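Overview (structure and organization)
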Amino acid sequence: MKYDLIVVGGGPGGLMAAKTAAEDGFKVVLVERKKNIAEINRACLQIFYINKITPNPETGKGEPRMDGYIDPVSAEILPEKCRLHFPVPGFYLDFTGSVRAYYNWVQISPSGYKIHRYFPNEKIWGFYYQKEALTAQLLSQVEKLGVEVRAETLAVGAKNTTDGVEVNIKRGQTEETIKGKHAIAADGLSSRIVQSLGLNENRRAQSPRHILTYILEDVVAPQHDTSFFSWTIPSVSGGGNVWMGLLAGGRHLLGVGSSADNPPAVILDKFLKLPNFHDWFANAKVVDKKATAVIARASIKEPVAGNVVIIGDAGASAEAWVQGALASGYQAVKAIEKEMAGKPGYRDYINWWQQAFAFNYSAYQKLLSRVYPLNRVCNDDDIDYLFHLFEGEIGIPALLVTSELERVKEGRPDLYQKLKATIKNG
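Nothing here was measured: the structure is a model prediction, and the numbers come from that model.

1. Quick notes on the overall build of the protein chain
Of the regular secondary structure elements, the protein chain holds 12 helices and 23 strands. Expected size for 426 residues packed as a compact globule is a radius of gyration near 22 Å; at 22 Å, the protein chain falls within 12% of this value. When its C-alpha atoms are laid out on the principal axes, the protein chain stretches across 70 × 45 × 45 Å. Scored against the burial criterion, the 426 residues of the protein chain give a buried share of 53%. Looking at the protein chain alone, contacts between residues at least 24 apart form 67% of all its contacts between residues at least 6 apart. Surface summary for the protein chain: the accessible area is close to 18,600 Å², and the carbon and sulfur share equals 48%. Treating the 49 positive side-chain charges of the protein chain as one cloud and the 46 negative ones as another, the clouds have centres 3 Å apart.

2. Comments concerning the environment of Gln173
The topology assignment puts Gln173 in the loop between strand E15 (164–171) and strand E16 (174–185). Here Gln173 falls in the exposed class, since its relative accessible area comes to 74%. Considered as a pair, Gln173 and Val142 are 31 residues apart in the sequence and their alpha carbons are 27 Å apart.

3. Concerning the pattern of salt bridges
Scanning the model with the defined rule gives 21 salt bridges in all. Among the ionic pairs, Asp218 bridges to Lys285, the shortest N-O distance being 2.3 Å. Of this pair, Asp218 sits in the loop between strand E17 (209–217) and strand E18 (227–231) while Lys285 sits in strand E21 (residues 285–294); the two residues are 67 residues apart in sequence, bridging distant segments of the chain. Residue class for Lys285 comes out partly exposed when judged on its relative accessible area of 39%. Among the salt bridges present, the one from Asp414 reaches Arg412, with a minimum N-O distance of 3.1 Å. For Arg412, a relative accessible area of 19% gives the class buried.

4. Looking at the state of the cysteines
One way to say it: the disulfide is the covalent bond shared by the sulfur atoms of two cysteines. Using the criterion set out here, one finds 0 disulfides in the structure. Left without a disulfide partner, Cys44 is nearest to the cysteine sulfur of Cys82, which lies 16 Å away.

5. Topic: the sheet that holds strand E12 (residues 126–129)
The strand order across the open sheet built from 3 strands is E3-E12-E9, with neighbouring strands paired in antiparallel fashion. With partners counted over all chains shown, the strands left at the sheet margins are strand E3 (47–49) and strand E9 (99–102), one partner each. Along the sheet, successive strands turn relative to each other by an average axial angle of 25°, direction set aside. Taken together, the 4 bridges between E9 and E12 define a ladder with antiparallel strand orientation. The residue bridging Tyr102 from the neighbouring strand is Gly126, located in E12. Of the strands in this sheet, E3 and E12 are in contact with helix H6 (residues 321–340), which crosses E3 at around 75°.

6. A closer look at helix H12 (residues 413–424)
Taking 1.5 Å of rise per residue, 12 residues should cover 16 Å, and H12 covers 16 Å from first to last C-alpha, within 8% of that figure. Those residues of H12 that fall on the buried side of the exposure criterion are Leu415, Tyr416 and Leu419. The buried side chains of H12 occupy one side of the element, clustering within an arc of 100° when seen end-on. Of the surrounding secondary structure, the elements contacted by the buried residues of H12 are helix H9 (380–389), helix H10 (397–403) and helix H11 (406–411).

7. Things to note about the sheet that holds strand E7 (residues 81–86)
Strand order in the open sheet formed by 3 strands is E6-E7-E8, and the pairing between neighbours is antiparallel. Each edge of the sheet is formed by a strand with only one pairing partner; in this case those strands are strand E6 (74–78) and strand E8 (91–95). Neighbour-to-neighbour, the strand axes of this sheet turn through a mean angle of 20°, independent of strand direction. The strands touched by H6 within the sheet are E7 and E8, with E8 carrying the most contacts at an inclination of about 125°.

8. Description of the pairing of E16
As paired strands, strand E1 (residues 3–8) and E16 are joined by 5 bridges and run parallel to one another. Bridge pairing links Ile6 to Ala183 in E16.

9. Focus: the packing of aromatic side chains
This structure, assessed with the given rule, holds 30 aromatic pairs. Here the aromatic rings of Phe86 and Phe91 are separated by 4.6 Å at their centres, their planes lie at 10°, and the arrangement is stacked. For Phe91, a relative accessible area of 10% gives the class buried. A network of ring pairs unites the aromatic residues Tyr49, Tyr102, Trp105, Tyr118, Trp125, Phe228, Trp243 and Trp321 as a single cluster. Directly above the ring of Trp105 sits Arg117, whose terminal nitrogen or CZ lies 4.4 Å from the centroid. Of note, Arg412 hangs over the ring of Tyr385, and the distance from its end group to the ring centre comes to 5.6 Å.

About the cut-offs
Residues numbered from 1 in each chain as written. Predicted model: local features only at pLDDT ≥ 70, side-chain atom pairs only at ≥ 80, totals over all residues. Heavy atoms only, no water. Helix = DSSP H or I, 4+ residues; strand = E, 2+ residues; numbered from the N terminus. Rg over C-alpha atoms; globule rule 2.2 N^0.38 Å. Buried < 20%, exposed > 50% of the residue type's maximum accessible area, 1.4 Å probe, protein only. Contact = heavy atoms within 4.5 Å. Areas by Shrake-Rupley, 256 points an atom, 1.4 Å probe, with all protein chains shown as cover. Lys, Arg positive; Asp, Glu negative; His and termini not counted. Charge placed at Lys NZ, Arg CZ, Asp CG, Glu CD. Salt bridge = Lys/Arg side-chain N within 4 Å of Asp/Glu carboxyl O. Disulfide = S-S within 2.5 Å. Pairing = 2+ DSSP bridges. Axes fitted to C-alpha atoms, helices over the stretch in contact; angles between N-to-C directions. Expected span 1.5 Å × (residues − 1). Arc of directions from axis to C-beta. Phe/Tyr/Trp six-rings, centres within 6.5 Å; stacked < 30°, edge-to-face > 60°. Lys NZ or Arg CZ within 6 Å of the ring centre and 35° of its normal.

See below:
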């Protein structure tokens, strides 16, 4: 058997798995379809969450929890580096790239009324982290550890054998089968490894949601260096919010998903011309654009198939976020090591996976249906009324409206009836 471990996918999760395995003495090969593995060539928020207001799967209330990976994490700012702590798996990762702290999450109506996800300026809820630098750092480490890295190589599929696993790969017109004792699938939402193992048969996929981001320079806005912004403006985007986050070098990432009324580029161009936010973007320049497509589907509840362990987005309902990718890459290797020692490592990994990610809780999935896009139900005047009614309060707008619907009744009985019908019909 040529390799102890075949890792498919060179994102943070795959690189973390390769690093962990090589440090523990494994002979590892990493297969990645991109030529420049560290390059981030798609839309990506690049947020390391510390706290995030999302529905708690146990209580059904909006509470500070992380979306996706819900085990506790923390970030420690040290001289010349940031140390990312993962106390449940039991490791930390030092990162020397750019970080920017998020203190505020501001949700804004067409006329500028604001609802907050957190108490403004009270504490850090997350960090922008420079994903390209993190990926480059991990890649450098795995190369120094002797991992064989095969870039520009597509992993077509995998199959279990009596003594390990075979992965079919393709580079240009050359096809090859590589053999290993174990494999880790870290090749993202549209994982070819997961598909080849038949694990998508009962995972109903939603229609692709296309996301476009503009990279902006010279944005001038209140607290723009410490805030994530989200605009609910139905006349601009009827399918979801326009949002803006932090990037390195003082830049910002402005993005939106596709909707039935307009493609993302039309939405963003229209948004940048809105008079109510003219001062924010009057001198802003679009210096780059990046896109991606997200296909949400049910998560894989038992992410182990024979000698293959699935990690990160490859087994997630949409995203495991960087926390989940790194943690599952580490945990997958430790599970394999336990199995090699005759212990139930795979069962431990499955149990951890099922508890560590919010998307595995049925209660969480039901709650998500309550966080309906107000854009699809309301017009601009409705949104202004609701945001003015709840201005300065803390929470997710749709959940605030759902739980406090009677407050809408007196001032806007027509809107009350419309929202009530929407909630009733799910």
